Amino acid sequence: MTKTFKRYHIETKDAISKIKFPSKYKIIRYNNCLNVQECAQTCIFDVHEVDNNGKITDPFNDYCRGCHLCTFACPKGAISLGINPEFDKLGDSYYTPDRMKTIYVESETGRVPVSGTGYKGRFAGKGFDGMWFDFSEIVRPTRDGIHGREYISTSVDLGKKLPYLKFDYNRNLVSTLPVCIEIPIPIILDAPLFFKKNKNLLIALAKTALKLNTFSIIKAEDYNNNLIEYNSNLVPRIFYNKIEKFSYLIKQSRIVEIEYDNFDIKYLIDRIKKYNPSVLISIHLEYNRNICEKVDILTKSGINIIHLYNNEKNSTHNPDFITDSIFHVNSHLINKNIRDEITLITSGGIAEASHVPKSIILGADAVGIGLAYQIALGCKVCYGNKHRINCPINVEEEDIDLASQRIINLIGSWRDQLLEILGGMGLREVRRQRGEIGRAMFYKNLEKKIFGDNT
Amino acid sequence: MKQKLLFQTPEIKYCSYRYQNIITKYEVIIDRSRCTECGLCVQTCPKYIGTARFDYEAFQKHEGYLRIINLNSQCKGLLCQKCVNKCPTKALSVRINPQYLALGDYRWTSDLILSIWKQAETGKLSNRYEYKIGSSGGGFDRLRFDFELKNKRVSNNQNDIEYIDTSISLNKSNDGRPRIIIPIPVYGADMSFGSVSLNTMLARAKAAQAWNIFTSTGEGGYPSELIKYKNHIITQIATGHFGVNAETIKRAKIVVLKYAQGAKPGLGGHLLADKVNSDVAKIRDVVPNISLFSPFPFHNVYSVEDHYRHVQLIKDINPEVLVSVKVSTPTDIDMVAIGCYYAGANIIQIDGAFGGTGAAPDIAKNNIAMPIEYAIPIVHNYLISEGVRDKITIMASGGIRTAYDVAKIIALGADGAVIGTSELIALGCKRCANCERGRGCPSGIATTDPILANYIDPEWGCQRIINMYSSWKKQWDYILTKLGLGSIKELLPKNKVEFKKGRFNHLIHLDHVR
């Protein structure tokens, strides 16, 4: 049977949400406006319009891109432009308003954000902000760059990989191949955080996972009958003591995820394999400094995937935490020579497209996104109703397709940006980027090398 | 001792911004319920005594507040507050203008933008704005010259500062090609026709002629209007080869080979379809209204040997030309630099990560390549250890905003700098980042729209850029006087850049000083 090769492609289309994102700029027109309409003539973004009666309308703040020209042009100085206070209050120090806006726009259009002028942010920062990608130039040129003829693969494998294959004298394969699942993008959908039980959101997530051929993690307690048709792309997250209760989920899934507790791992694997011998077992493990022993034991006893997570709040306070955690675990696995025995998925603190390749460079195989897709659906990062407002992510039944399309757009845009990075580096495969620390430059190292004390 | 003027400096002429109401740093607000309209504030304000301008028509009503528009931005704000103290009913208060806060960003703060506008207008510095550093929290913004820290109240009286030689040589190797000397250690960056308008290019070319420096065509071909200024124009050859032919190479005194651009290294060029109109398409030999991608990299250069042949090809076409190689900053930038030297390049232009662009993916602008503050010392040290530093000119670009940045990068090991964004800010750019699509820049700089492009008058723009560089020249003179150096070449470190306790070559890094 011949199978025709098909390039993996994420189909994006415009998906406009009902939940409006506040505009970045706010224009105030003072009362001394004389209706000269100079602003309407100056603005090329249609912020100031003239209505049918020849009067100037209220400014459309959503279109404003902050060029300040209308305020200059007004002969009476009647227009003032400022940052919208509603916009400024959004998010926190990690999920900044600008980051949230970027996610929102990406999920609306599915395009790669392109703009003019240079970089506008801080020199460097903590965590992912203190990393720059290296790229290839004359010394190590790419063949083609991003717009070339060669396909750049973003597929990653979940599960154990063999270091080599064994054959007998008749060239028959002797080694038994472990179960390994290939997903076409290094992004999986983590279980949603901080929201009231919303079955439509879960259906949207499941739909997205099926369409993108990746996985969506869903807590076993939240399962409902509508999710049965998406089972092949769902990962139930089960507590250790509830394995028997949710045994029907283990039977129908390809991967199960177990919340880490101090349990007997051998016994756990036996219990799970009793229901489904071919299932991949993932352990959901919170990062801390003494994690290496646990990772060791888990890997050696035959767990397939470690899903490392950082508390979102923790990562907000100390962004160094995220990068350190991935690097720490990865280098430990390499030192113990067991890196390919296990797949490392990291989640928590993935807030923009560049964090995906950065996590992979630090040593993760794939990343799980959580808050990012919730922001795409309208989350305002209030961390569980801190301000006592209702969670805006209430996906209605008729909006399931829209919500799903928005997440697809977001991931499509992020994949395109991942391709930009891979193209710039001259890599043809995201698997080869894993753990390539040499492909990144670190603020701490460079600062010490140039300005620090070398004596 | 007065030094002989080596070069004629162009004349400074007052050249105001197109509009009258530019952004003010402070604004005065009036509580309408308390105001008795006695008019004392108008009489008190030192800037407006006796002027008819400050009438009650200038008061604006909004949400119960009246606002005074500071028509020519003379208000000293929190430093003065005379009107606030004088008001009998305490109706006045001074605050920072919200519009001032909306302008700018961490790298280019509102103060930097406004100070460049002031310099472009008058050719002089204004004490009111911070003109040296931004607030990005690293690199140039944490570096200071030691004289800046010694006495905090530095006088800005620049009349008594003598003229100091700031010229640099662009050809240090003895290869028989012309020794081009430019009077100030900067020249204009590469901006193509298509990414910026023709009027902008003309303004920059005229200013380059007046200052006897250079400006570059970018990769978008050589418009015939620029031939008049051919002695001051660099021809760029980039990976797209748009509008490049033997004729344009023969016309130039310097040819730059662009391997990568700091804002989007490894990704080639990118001009979105909206801006490719028929004029742009004609000069680039393409079809209008399609997006133009320059591929990455040069497909005839895959090794250092290829690179050598590439440079020699240019040198063969024009025996009088200097070859500059523009590269960005990967980790092995030192290897790239030495490769450029052995390939026969006269100038190596190192473009750091924070450089400007007409259009680039945001992920590339923020995350690829290292900042110029790190790259220049790495290259300088490596070339010194190879013993070839005095045979090649290093020009730094990408993220150099002010005269102080230029001086700092020279103290870190570059010969000079290449200036792009600052020139555009002098023309009225506000860094609103709308260069890439649609009709382009609302200020008429980075646009191909014929109506918008007319906003920039080449004569006016030329004078603004001249004024800015005149002010910068004075700042360099001031810095060199304070440091006790006779020429800007003495600021260039003779040895390797090695910071000891946060100090090196008159520079202090605030994060590492003990």
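This structure is a prediction, so every number in the text was calculated from the model and none was measured. Per chain, the residues get numbers from 1 upward, laid out in the order the sequence is written. Key to labels: chains lettered from A, ligands numbered from 1, both in the order written. Restriction of local features to residues with pLDDT of at least 70 applies here, the model being predicted, together with a cutoff of 80 or more for giving and counting side-chain atom pairs; totals for whole chains, interfaces and linings are based on all residues.

In DSSP terms, a helix is any run of H or I states spanning at least four residues, a strand is any run of E spanning at least two, and both are numbered starting from the N terminus. A count of helical and extended segments in chain B gives 16 helices and 20 strands. With the C-alpha coordinates aligned to their principal axes, the bounding extent of chain B is approximately 80 × 55 × 45 Å. Within chain B, buried positions represent 56% of all 514 residues. To assign burial, the other C-beta atoms lying within 10 Å of each residue's own C-beta are counted, with C-beta atoms placed from the backbone; 20 or more indicates buried, 12 or fewer indicates exposed, and intermediate counts indicate partly exposed.

This brings us to the overall build of chain A. When you go through chain A residue by residue, the secondary structure sums to 14 helices and 15 strands. Dimensions of chain A along its principal axes, counting C-alpha atoms only, are 90 × 60 × 50 Å. Classification of the 455 residues of chain A by burial places 46% in the buried group. Any residue pair is listed as a contact if its two C-beta atoms, each placed from the backbone, are within 7 Å. The long-range share in chain A, meaning contacts at least 24 apart out of those at least 6 apart in sequence, stands at 66%.

This brings us to the sheet that holds strand β20 (residues 507-509) of chain B. Residue and element names in this part refer to chain B. A strand pair is defined by DSSP finding two or more bridges across the two strands. As summarised here, the arrangement of the three strands in space is β5-β20-β19, forming an open sheet in which the pairing is antiparallel. Here the strands that pair on one side only, and so sit at the sheet edges, are β5 (143-145) and β19 (503-504). With two bridges joining them, β19 and β20 adopt antiparallel strand pairing. The residue bridging Phe504 from the neighbouring strand is Leu507, located in β20.

This paragraph deals with the interface of chain B and chain A. With 85 residues of chain B in contact, the opposing surface of chain A contributes 63 residues. Contributing elements (two or more residues each) for the side of chain B that touches chain A: β2 (59-62), α3 (98-102), α9 (304-317), α10 (333-342), β16 (360-361), α11 (362-367) and α12 (372-385) of chain B. By residue number, the principal contributor to the side of chain B that touches chain A is α11(B), which donates six residues. By the convention adopted, Pro, Cys, Tyr, Trp, Phe, Met, Ile, Leu, Val and Ala count as nonpolar, Lys, Arg, Asp and Glu as charged, and the other residues, Gly among them, as polar. Looking at the side of chain B that touches chain A residue by residue, the class counts come to 44 nonpolar, 26 polar and 15 charged. As defined by bridge partners, strand β3 (residues 114-115) of chain A adjoins β16(B) across two bridges and the pair is classed as antiparallel. Each residue of the ladder has a partner; that of A:Ser115, found in β16(B), is B:Ala360.

Turning our attention to the nonpolar core. Remark: nonpolar core denotes a set of buried Ala, Val, Leu, Ile, Met, Phe, Trp, Tyr and Cys residues whose joining runs through C-beta atoms within 7 Å. Grouped together as the largest cluster of nonpolar side chains are 254 residues, with contacts concentrated most on A:Ala372, B:Ile348, B:Ile350, B:Ile376, B:Ala396, B:Ile409 and B:Ala417. Per-element accounting of this core gives the leading share, 11 residues, to helix α13 (residues 400-425) of chain A. In contact with B:Ile409, not counting residues within four places along its chain, are B:Ile372, B:Ile376, B:Ala396, B:Ile400, B:Ala414 and B:Ala417. Judged by nonpolar contacts, the second largest core, of eight residues, contains B:Cys41, B:Cys45, B:Cys87 and B:Leu92.

Residue and element names in this part refer to chain B. Between helix α4 (residues 110-122) and helix α16 (residues 458-483), whose axes approach to 6 Å, the crossing angle comes to 105°. Accordingly, the angle class assigned to the pair α4 and α16 is roughly perpendicular. Facing α4, whose interface residues are Ile116, Gln119, Ala120, Glu121 and Thr122, α16 presents Arg464, Asn467, Met468 and Ser471. Considering only residue class, the contact of α4 with α16 consists of three nonpolar, four polar and two charged. With axes taken as lines fitted to C-alpha atoms, and helix axes fitted only over the stretch in contact, angles between N-to-C directions fall between 0 and 180 degrees. Oblique is the label for every angle not falling under 35 degrees (roughly parallel), over 145 degrees (roughly antiparallel), or within 65 to 115 degrees (roughly perpendicular).

All right, on to the environment of A:Tyr260 then. All names here are of chain A. With respect to the secondary-structure elements, Tyr260 resides in the loop between β10 (255-259) and α7 (265-275). Overall, Tyr260 belongs to the partly exposed group, with 17 C-beta atoms counted inside 10 Å. Between the alpha carbons of Tyr260 and Leu90 there is a distance of 33 Å; along the sequence they are 170 residues apart. Setting aside residues no more than four positions away along its own chain, Tyr260 makes contact with Ile283, His284 and Leu285.

What follows concerns the pairing of strand β9 (residues 234-238) of chain A. All names here are of chain A. Counting buried residues in β9 gives five out of five residues, a clear majority hidden from the surface. As paired strands, strand β8 (residues 216-219) and β9 are joined by four bridges and run parallel to one another. Its bridge partner lying in β9, Lys219 is registered against Arg237. Two elements, β9 and β10, share two bridges in a ladder whose sense is parallel. Its bridge partner lying in β10, Arg237 is registered against Glu257. For the crossover that starts at β9, traverses helix α6 (residues 247-252) and ends in the parallel β10, the hand is right-handed. The path from the first strand over the helix to the second decides the hand: if it runs clockwise while the strands point away from the viewer, the crossover is right-handed.

As a further point, take the domain arrangement of chain A. The source of the domain bounds is an automatic or database domain assignment. Here chain A is described as being made up of domain 1 (25-83) and domain 2 (156-447). For domain 1 of chain A versus domain 2 of chain A, the distance between C-alpha centres works out to 48 Å.

On to the environment of B:His512, then. Note that B:His512 resides in the segment after β20. Overall, B:His512 belongs to the partly exposed group, with 18 C-beta atoms counted inside 10 Å. As for B:His512 and B:Lys501, which are separated by 11 residues in sequence, their C-alpha atoms are 6.3 Å apart. With near-sequence residues (within four places) excluded, B:His512 lies in contact with A:Phe451, A:Gly452, A:Asp453, B:Phe499 and B:Gly502.

Quick look at the sheet that holds strand β9 (residues 215-216) of chain B now. All names here are of chain B. Strand order in the open sheet made by the eight strands is β8-β18-β17-β15-β14-β11-β10-β9, with parallel pairing throughout. Bordering the open sheet on either side are β8 (186-188) and β9, each of which pairs with just one other strand. In this structure, strand β15 (residues 347-351) lies alongside strand β17 (residues 393-397), joined through five bridges in parallel fashion. Across the sheet, the residue bridging to Ile348 is Ile394, located in β17.

Bringing helix α8 (residues 291-300) of chain A into the picture now. All names here are of chain A. When α8 is considered as a whole, its buried residues turn out to be Val295, Leu298 and Thr299. The buried side chains of α8 occupy one side of the element, clustering within an arc of 95° when seen end-on. Of the exposed residues in α8, the ones pointing more than 90 degrees away from its buried face are Glu293 and Ile297. Looking one or two residues beyond α8, the residue adopting positive phi is Gly302, at roughly 100°. In this description, one arc is meant: the one made by directions from the helix axis to the C-beta atoms.

The assigned domain composition of chain B is domain 1 (26-102) and domain 2 (169-484). Each of domain 1 of chain B and domain 2 of chain B was reduced to a C-alpha centroid, and the two centroids are 45 Å apart.

Moving on to the packing of helix α5 (residues 199-212) of chain A against α13(A). Residue and element names in this part refer to chain A. As a packed pair, α5 and α13 sit with axes 8 Å apart at the nearest point and diverge in direction by 45°. Judged by the inter-axis angle, α5 sits oblique to α13. At the point where α5 passes α13, the crossing takes the right-handed sense. Only Ile400, Ala403, Ser404, Ile407, Ile408 and Ile411 of α13 make contact with α5, whose side of the interface consists of Asn200, Leu201, Ile203, Ala204, Lys207, Thr208, Lys211 and Leu212. The residue makeup of the contact of α5 with α13, split by class, is nine nonpolar, three polar and two charged. Crossings are sorted by hand: turned counterclockwise from the far helix by less than a right angle, the near helix makes the crossing left-handed, and turned clockwise it makes it right-handed.

Glancing now at the confidence of the model for chain A. Here chain A averages 85 in pLDDT, while 92% of its residues score no lower than 70. For chain A, per-element mean pLDDT is lowest for helix α9 (residues 312-317) of chain A, which scores 68, and highest for strand β7 (residues 187-189) of chain A, which scores 94. A score between 0 and 100, pLDDT records how confident the predictor is in each residue.

On average, residues of chain B score 84 in pLDDT, and 91% of them reach the 70 mark or higher. On the interface metric, ipTM, the complex scores 0.89, and its pTM is 0.91.

With that out of the way, let us pick up unusual backbone geometry. Residue and element names in this part refer to chain A. Even without being glycine, Asn35 reaches a positive phi, approximately 60°. For Asn35, the position within the fold is in the loop between β1 (25-29) and α1 (38-42). Its identity as a non-glycine residue notwithstanding, Gln37 has a phi of 65°, on the positive side. Checked against the element boundaries, Gln37 lands in the loop between β1 and α1.

The next thing to look at is the environment of B:Ile409. Residue position: B:Ile409 is located in helix α13 (residues 403-411). B:Ile409 sits 13 residues away from B:Ala396 along the chain, and the two C-alpha atoms are 7.4 Å apart.

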